[in-house]
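Fold and contact review
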Protein chains: 2
Amino acid sequence: MDLSERQLQILQAIITDYVENAEPVGSRSIAKKYDLGVSPATIRNEMSDLEEMGYLTHPHTSAGRVPSDKAYRLYVNNLMQKKNLSAKDKRMINDRLAASRDEFDRTIRHAAELLSEITNLASFAMTPATNEETISFIRLLPVDKGTLILMIVGESGNVTNTTLRINVPYTQDSLDLLSKNMTVTYKGRTLDDVLKSEIIKDVGSDIEAMSQLQGSVMPSFLRTLEDMLNVNLYMEGMTNIFDLPEYSSIDRARDFMELFAQKDWFTQKMLARDNGVVVTIGDENDTVKDCTLITATYHVDGKLVGKIGVIGPTRMKYDEITSIMEYLTNNLSESFKLTGSTDSPGDAAISDNTGNTDNTDNTRGTGNTNNTEDKG
Amino acid sequence: MDLSERQLQILQAIITDYVENAEPVGSRSIAKKYDLGVSPATIRNEMSDLEEMGYLTHPHTSAGRVPSDKAYRLYVNNLMQKKNLSAKDKRMINDRLAASRDEFDRTIRHAAELLSEITNLASFAMTPATNEETISFIRLLPVDKGTLILMIVGESGNVTNTTLRINVPYTQDSLDLLSKNMTVTYKGRTLDDVLKSEIIKDVGSDIEAMSQLQGSVMPSFLRTLEDMLNVNLYMEGMTNIFDLPEYSSIDRARDFMELFAQKDWFTQKMLARDNGVVVTIGDENDTVKDCTLITATYHVDGKLVGKIGVIGPTRMKYDEITSIMEYLTNNLSESFKLTGSTDSPGDAAISDNTGNTDNTDNTRGTGNTNNTEDKG
DNA sequence: GTTAGCACTCGTCACATCAGAGTGCTAATC
DNA sequence: GATTAGCACTCTGATGTGACGAGTGCTAAC
């Protein structure tokens, strides 16, 4: 039940036109604008067939046709061609990312900003899931009588710290000793691994076996590990969607905004998507059935995986947007290659890299499961 | 030109009614609902006078009256009475804040959530401006060949760290030495102070005088100080406003949402407001002229000042909301009293307190200037 | 000073009308 | 057999109209 060449042409014309103008497209305008060498009547007949096959829908009898999710899927899988980014967009991406290259979280945020500016859609970017991150060392530092800082450093340079207050006496030496012990115990293990095994052990029952000091530190240690697993989510351009006719009704706009109010839930959803450029259209999404969601992944040190994405109505410029996202994620991955110590001479510093040290509106990552159609 | 007792009664009745129902209120309904002992005609006459004095407006001839900003101001300053929170709300606040008492940023976020849940408005909360924070110590830790961590700890337990990569060779000892030197140099000075003086000095020109190692570290040190000055902003309940008739038009809703898209700008604005409970109504705001903005401040360790706030239409329950905010900020300030090392016996741990260590969508705080009317 | 009565204003809602866009079908044409 | 012209039909959206109701503002009476 393949489509004829002419049907494909007509379908592509309808998609192009509808993506551009957001209005149901009629047979006459197709015939006029796209030189297919046939009359409107013929196009009407083909459209009728395409509708029967599920590629087009009809808001009402006397309106033109609108592409269905199925049509967009066909377009994304088979019809669309990779677009070359404009020089302007390329320059913009390069410049803006370069400006903040040395600060990890800021770079990620800029990526989200860029994405929403270029696509005029809502976008997001998240820092990598760190399930696979392994512990490099643990350090305890005294601040004050009763107050100390617990610091966990990951192999990829992630740092997370907690200020904790305890009633157990300690000295510089006892802290150093505990730091060393803990480092020896946990070094090289993944955060997930440590967290699971330690929680199962039920620290509480074990406390007598530990030093009093360690017993005081352990609960915070576990919570800090959890913090470290957190993913930061940056959202940009949410209000762009107000410009789209799809969201001219207050209810639609409201639904859209409420999606993002639950950042935690949203983060989970996004983490669960496959790697690479993934496009899910309309009904293919389990929640936002009238949106298209495109996500792409970048790598840190070739290992940890972070995500960026755009969300908009199913009517969007799939070709441009996927190309932009590919370019952007390649650029990001390139930025985040840990090159090891270079030996470039000269200037004293400096590529420094603010670690992922914070605890904002995030959730723990859960790694990759599958619920999405893959771009074929 | 004082208002008569009866005029005040009528004005109060109109405000109460309008706040409740969001519809222009007519003389007849006032006479019926609020037993003022006079006829609608009399009320009409008084309303006409009140309008002339600027307390009421008239959307059109045959509609009822609506309170003006001036009326709300009068109400807030003179008419409204403090409300007692419901036991339910109090319990909710106490419980929810207690649950996260030991984690600073999370507590702040919960405060914003509570505020939007209880008031059904959009709310925000920000971590304290740390201009006045003083440096406690500085520490450099080796991670790897070429990679090290710079950590700055403030007197109030704030911790900020940066992972930096340098080409200069170092040993554990040289890092320790530099840590000590820097600590001696900067200990006890405020972040602002250090930042200003060091930037004026123009580090670059000074580098030869320093060790190569210190020269490599200084730029990151300054940037980390800047990070430390950042204020975290949490926003909640933005979508609540869709429930309000004031925002049933897409354009109004859009304007509202766009306000918050620029987090940095918004943070600046909010930091600039006076301390305490501050109410600015409609035109009293320079930007959001059709909104009321209520902010309140809490203290950390009786010193650092953070802010929470709600934003909504000028039509809001001023009495309830200001009372809630007072209760909430008192509760927060109480939570964040650093009590020094307590000597409660028993349980090993644990009041730990995640430091303000992150670098999300924030701006540096600029302290308190004045642009707001004060609650009388 | 207060009130009843009444004319007047204005916005909203329901309903009818009309133009325009586009289809679907039929019959003619290539 | 595929294509096309022609035409009736459908549906939406814009425009206009009239009835209704809420509320005022004024005047005259209490």
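Residues numbered from 1 in each chain as written. Chains lettered and ligands numbered in written order. Predicted model: local features only at pLDDT ≥ 70, side-chain atom pairs only at ≥ 80, totals over all residues. Heavy atoms only, no water.

**Looking at the protein's contact with DNA strand C**
Here is the rule we go by: Only a single heavy atom is needed: when it lies within 4 Å of a molecule or strand, its residue is near that molecule or strand. For the purposes of these results, a polar contact is taken to be a pair of N or O atoms within 3.5 Å, where, inside protein, one atom must be able to donate a hydrogen and its partner to accept one; residues adjacent in sequence count only when each atom of the pair is a side-chain atom.
Around DNA strand C sit 20 residues, and of these A:Ser27, B:Arg6, B:Thr42, B:Thr61 and B:Ser62 come closest. By atom count, sugar and phosphate contribute 76% of the portion of DNA strand C lying within 4 Å of the protein. Here a phosphate oxygen of DNA strand C sits 2.8 Å away from a polar atom, N or O, in the side chain of A:Ser27. B:Ser62 places a polar side-chain atom, nitrogen or oxygen, 3.0 Å from a base oxygen of DNA strand C.

**Some details on the pairing of strand E8 (residues 233-236) of chain B**
Residue and element names in this part refer to chain B. Inclusion rule: Accessibility here uses a 1.4 Å probe with only protein chains present; expressed as a share of the type maximum, an area under 20% marks a residue as buried, one over 50% as exposed, and anything in between as partly exposed. Secondary structure elements follow DSSP: runs of H or I no shorter than four residues count as helices, runs of E no shorter than two count as strands, and numbering proceeds from the N terminus. For two strands to be treated as a pair, DSSP must find no fewer than two bridges joining them.
Taking every second residue as pointing to the same face, both faces of E8 are buried, with Leu-233 and Met-235 on one and Tyr-234 and Glu-236 on the other. Summarising the sheet, strand E3 (residues 122-129) and E8 pair through four bridges and their orientation is antiparallel. When the bridges of E8 are listed, Ser-123 appears paired with Glu-236.

**Notes on helix H10 (residues 212-229) of chain A**
All names here are of chain A. The condition that has to hold: In this analysis, the expected span of each helix is defined as 1.5 Å times one less than the number of residues it contains. The quantity called bend is, for any residue, the angle between two axes fitted respectively to the seven residues ending at it and the seven beginning at it.
Between its first and last C-alpha atoms H10 spans 27 Å; for 18 residues at 1.5 Å apiece the expected length is 26 Å, and the two agree. Roughly 35° is the biggest bend found in H10, and it falls at Met-218, with proline Pro-219 one to four residues downstream. Within H10, 15 of the 18 residues are buried, which leaves the element mostly enclosed by the surrounding structure.

**Concerning the protein's contact with DNA strand D**
Using the following cut-off: In this classification, the charged set is Asp, Glu, Lys and Arg, the nonpolar set is Ala, Val, Leu, Ile, Met, Phe, Trp, Tyr, Cys and Pro, and all remaining amino acids, among them Gly, are polar.
The immediate surroundings of DNA strand D are formed by 20 residues, with A:Arg6, A:Ser39, A:Thr42, A:Ser62 and B:Ser27 found nearest. Each atom of DNA strand D within 4 Å of the protein was classed as base or backbone; sugar and phosphate made up 73%. In the model, a phosphate oxygen of DNA strand D is placed 2.8 Å from a nitrogen or oxygen of the A:Arg6 side chain. In the model, a base oxygen of DNA strand D is placed 3.3 Å from a nitrogen or oxygen of the A:Arg44 side chain. The element contributing the most residues to the surface near DNA strand D is helix H3 (residues 40-52) of chain A, with four residues. When the residues that make up the surface near DNA strand D are grouped by side-chain class, the tally is four nonpolar, 12 polar and four charged.

**Things to note about helix H11 (residues 250-261) of chain A**
Here is the rule we go by: Here, residues are in contact when the closest pair of their heavy atoms is within 4.5 Å.
The end-to-end C-alpha distance of H11(A) is 16 Å, a good match for the 16 Å that 12 residues give at a rise of 1.5 Å each. Within H11(A), the full set of buried residues consists of A:Ala253, A:Arg254, A:Phe256, A:Met257, A:Leu259 and A:Phe260. Buried positions along H11(A) lie against strand E3 (122-129), strand E7 (233-236), helix H12 (263-271), strand E9 (291-300) and strand E10 (304-313) of chain A together with helix H11 (250-261) of chain B.

**Here we look at unusual backbone geometry**
Keep in mind that most residues, glycine aside, have a negative phi and that most peptide bonds are trans. One non-glycine residue, A:Ala22, lies in the positive phi region at around 60°. Summarising the element assignment, A:Ala22 is placed in the loop between helix H1 (5-21) and helix H2 (27-33).

**Section: the side chain of B:Thr322**
All names here are of chain B. Relative to the assigned elements, Thr-322 resides in helix H13 (residues 318-335). Among the polar contacts listed, one links the side chain of Thr-322 to the backbone oxygen of Asp-319, at a separation of 3.2 Å. Once residues within four sequence positions are removed from consideration, Thr-322 is found in contact with Met-80, Val-277, Val-279 and Ile-294.

**Details of the confidence of the model for chain A**
Note the cut-off: What pLDDT conveys is the predictor's confidence in a given residue, as a value from 0 to 100.
Looking at chain A, the pLDDT average stands at 84 and 86% of residues meet or exceed 70. pLDDT under 50 marks residues 340-376 of chain A. Its contacts with residues more than four places away, or in other chains, come to 131 contacts.

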